[in-house]
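# An overview of the molecular structure
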Amino acid sequence: MSGIPIRLEACSKTFDDGTRALHPVDLSIAAGETIVLLGPSGCGKTTTLRIIAGLESPDAGGRVLFGTDDVTAVPIEKRNVGMVFQSYALFPNMTVAGNIEYGLKVRGMAAADRAARVREMLAMMRIEPLAQRRIDQLSGGQRQRVALARAIAPRPRVLLLDEPLTALDAKLREDLRGEIDRLLRSLAITSVYVTHDQAEAMALGDRIAVMSHGRIAQIGSPQDIYFAPADAFVADFIGTMNRVRGAAADGRLRFAGGWLPLPAGAVAGVAAAAATAPACLTDVMFRPEDLHLVDAAAAQFAGTVLSSFFLGDHTRLTLDAGGEAPLVARVQQRRRFDGGDTVHCAVDPQAVLALRPAAT
Amino acid sequence: MSKMKRRAPLFWLLLAFTLAVCAFLIVPVAMSMLAGVTQNYFTGWRGGLTLDWVIKVWTDYRHTVFLSIKIALACLVCTLLLGVPAAYVLARRSNAFTRAIEELLVMPVAIPGLATALALIVTFGGFGDLRRSWLFILIGHVLFTLPFMVRSVLAVLASIDLRTLEEGARSLGASFTQRFFGIVLPNCRSGIVAGSLMVVTLSLGEFNMTLLLHTPLTPTLPVGLADAYASLRIEVGSAYTLIFFVIIIPLLVALQWASRPRDPGAAK
């Protein structure tokens, strides 16, 4: 099973009641690639998936291409896509094997070939003992395995997964996430995965498209998205970000608790701005794990511990460093922190990000 | 043991009340059926039991039984063909219009049968030979029973995520026909079965409307029953009731069986 590339060209979606679910979106997905559409509810990720599936059609002017085929006007029945739903959408009137066989049956495959393919799918998803069970006798995790097997059985050109793990509990979600990852790698099928869970997105995506308000805010590898977020929305949505506002001067950002180094790229711009407006206020961001505890002599700023949570492999501190919002730090020191302790902190220059505000 | 003893007085009280209610409902039925097999109603069962009355009713009135069964089955076919697709459309397109239709569907049930019958006579009475045909009664019965079929199927369709199930089937390549017969119908089977039994029993027992719609050539079972009660001995009427029960009770039992919840616990 090999994938085909998918291209969306200027696909927008306005619903009958006039709400704009999607602004014109261009998206290219390489053959065999797994792309994750990530964002809060209402960001347009599911609409984008449904346009690729053929369950929604884009507004006039939008085009959906599978390889070189323009499938914009092709209904989902003829697109040869596999789809996995949050609510499983398994047929309660059929057994597990019956569900997996359904897609093969409606395509008119011969009975012997169908049986062989169903056996292959049951083995692949490790659910052979469940073959003759009814759907209401299965757990959530088992149901989603059956749903995956059913979607893959007819050898679709594209696999589309709409929040497949959202209905499961945390432990199961992690297990099945590993399973899906293994499956997508071994099949090398072009797949689009919709989720609001950033951990899922990071684990599964070759690339992640972070969506907000019907637009793609950023698209890139998990590392790009995490280390070089395009704007404050992406930075906030992926992981935790500390935000500090201060006055920029001499390559430093000065704030109540001390100073932070400004990133190399930002220095020139900020310096130019500082020439005209000496008290130029700038926002910078950094991740909790980039804050290091140092000796007083090497400190950039000092903070007072507001709360600390010892989590075994690290301690999560909330610090008051005189800024508007408390800072979060993730530190490795083998010591105990108490509320009111003063800690001395430093952040590496390359870990500090100066970001444009989120697009709205 | 002590716990049971403490609960006992209330338990016996409730049991007595329940049995009293059951007796209130069942005794008249039993009396009526008994009356149908007594030699003479006024001397009661001590005067001896006989099947003569039943045989007499069967001889004189069996055509009404056959006509009622014919109408009930025809009515079932019509309500299946009209009601199931209607319920599907109502379930799939939920908007102000379909909700209004759903409300309007109660009308034939809410309006007195006599009024509906009169309206049918006024409207279709002069329509060829229809007035003299059993089809005229069938029209009335379909009108009266259709809402029961639609609502029964609709209730089941509303309880399953029909839209997602169909989307799943579509993603697997199923055409509308394949989806409708392979997914939609099997998954509302319990609603169709319950609706069918409801339609058949209602049609068999329908009297209000049929009293006006029938002609001397097309008396149904309940009309014949009224005739027997009005013009013959009470034993004849009661024997007639006995025959009616023999037909209707298995249907009612089947109705209960078909509409029972299948897997209590699995409705997640």
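Residues numbered from 1 in each chain as written. Chains lettered and ligands numbered in written order. Predicted model: local features only at pLDDT ≥ 70, side-chain atom pairs only at ≥ 80, totals over all residues.

The next thing to look at is the interface of chain B and chain A. Counting from both sides, the interface comprises 17 residues of chain B and, opposite them, 19 residues of chain A. Listed by contribution, the elements that provide at least two residues to the side of chain B that touches chain A are helix 7 (162-171) and helix 8 (176-187) of chain B. At six residues, the largest contribution of residues to the side of chain B that touches chain A is made by helix 7 of chain B. Across the side of chain B that touches chain A, the residue classes tally to six nonpolar, seven polar and four charged. (Contact = placed C-beta atoms within 7 Å. Helix = DSSP H or I, 4+ residues; strand = E, 2+ residues; numbered from the N terminus. Nonpolar A, V, L, I, M, F, W, Y, C, P; charged D, E, K, R; others polar.)

Turning our eyes to something else, we now look at the pairing of strand 4 (residues 63-66) of chain A. All names here are of chain A. Side chains of strand 4 alternate between two faces, with V64 and F66 buried and R63 and L65 left unburied. In this structure, strand 1 (residues 6-14) lies alongside strand 4, joined through four bridges in antiparallel fashion. When the bridges of strand 4 are listed, L8 appears paired with V64. Hairpin connection, strand 4 to strand 5 (residues 69-70): the antiparallel pair is bridged by two residues, and G67 has positive phi, about 60 degrees. (Buried ≥ 20, exposed ≤ 12 C-beta atoms within 10 Å, placed from the backbone. Pairing = 2+ DSSP bridges.)

Trans is the common state for peptide bonds, and a negative phi is the common state for residues other than glycine. Residues and elements named next belong to chain A. The phi torsion at Y88 lies on the positive side, around 70 degrees, for a residue other than glycine. On the secondary structure map, Y88 appears in the loop between strand 6 (81-84) and helix 2 (96-106). One non-glycine residue, A188, lies in positive phi territory at about 50 degrees. Examined against the element boundaries, A188 turns out to sit in the loop between helix 5 (170-187) and strand 8 (190-195).

This part is about the sheet that holds strand 4 of chain A. All names here are of chain A. Pairing in this open sheet of four strands is antiparallel, and the strands run 2-1-4-5 from one edge to the other. Strands with a single pairing partner mark the edges of an open sheet, and in this sheet they are strand 2 (20-29) and strand 5. For strand 1 and strand 2, the ladder comprises six bridges, and the chain directions are antiparallel. Directly across from K13, in strand 2, lies its bridge partner L22. Relative to the sheet, helix 1 (residues 45-53) contacts strand 1, strand 2 and strand 4, its axis offset from that of strand 1 by approximately 120 degrees. (Axes fitted to C-alpha atoms, helices over the stretch in contact; angles between N-to-C directions.)

In this section: helix 2 of chain A. Residue and element names in this part refer to chain A. Burial of helix 2 is extensive: eight of the 11 residues sit out of reach of the surface. Every buried residue of helix 2 is accounted for by V96, A97, N99, I100, E101, Y102, G103 and L104. Those residues of helix 2 that are buried lie in contact with helix 3 (111-124) and helix 4 (140-152). At the exit of helix 2 stands G108, carrying a positive phi of roughly 80 degrees.

For chain A, the assigned domains are domain 1 (6-237) and domain 2 (242-351). With centres defined by C-alpha atoms, the gap from domain 1 of chain A to domain 2 of chain A works out at 40 Å. (Domains from an automatic or database assignment.)

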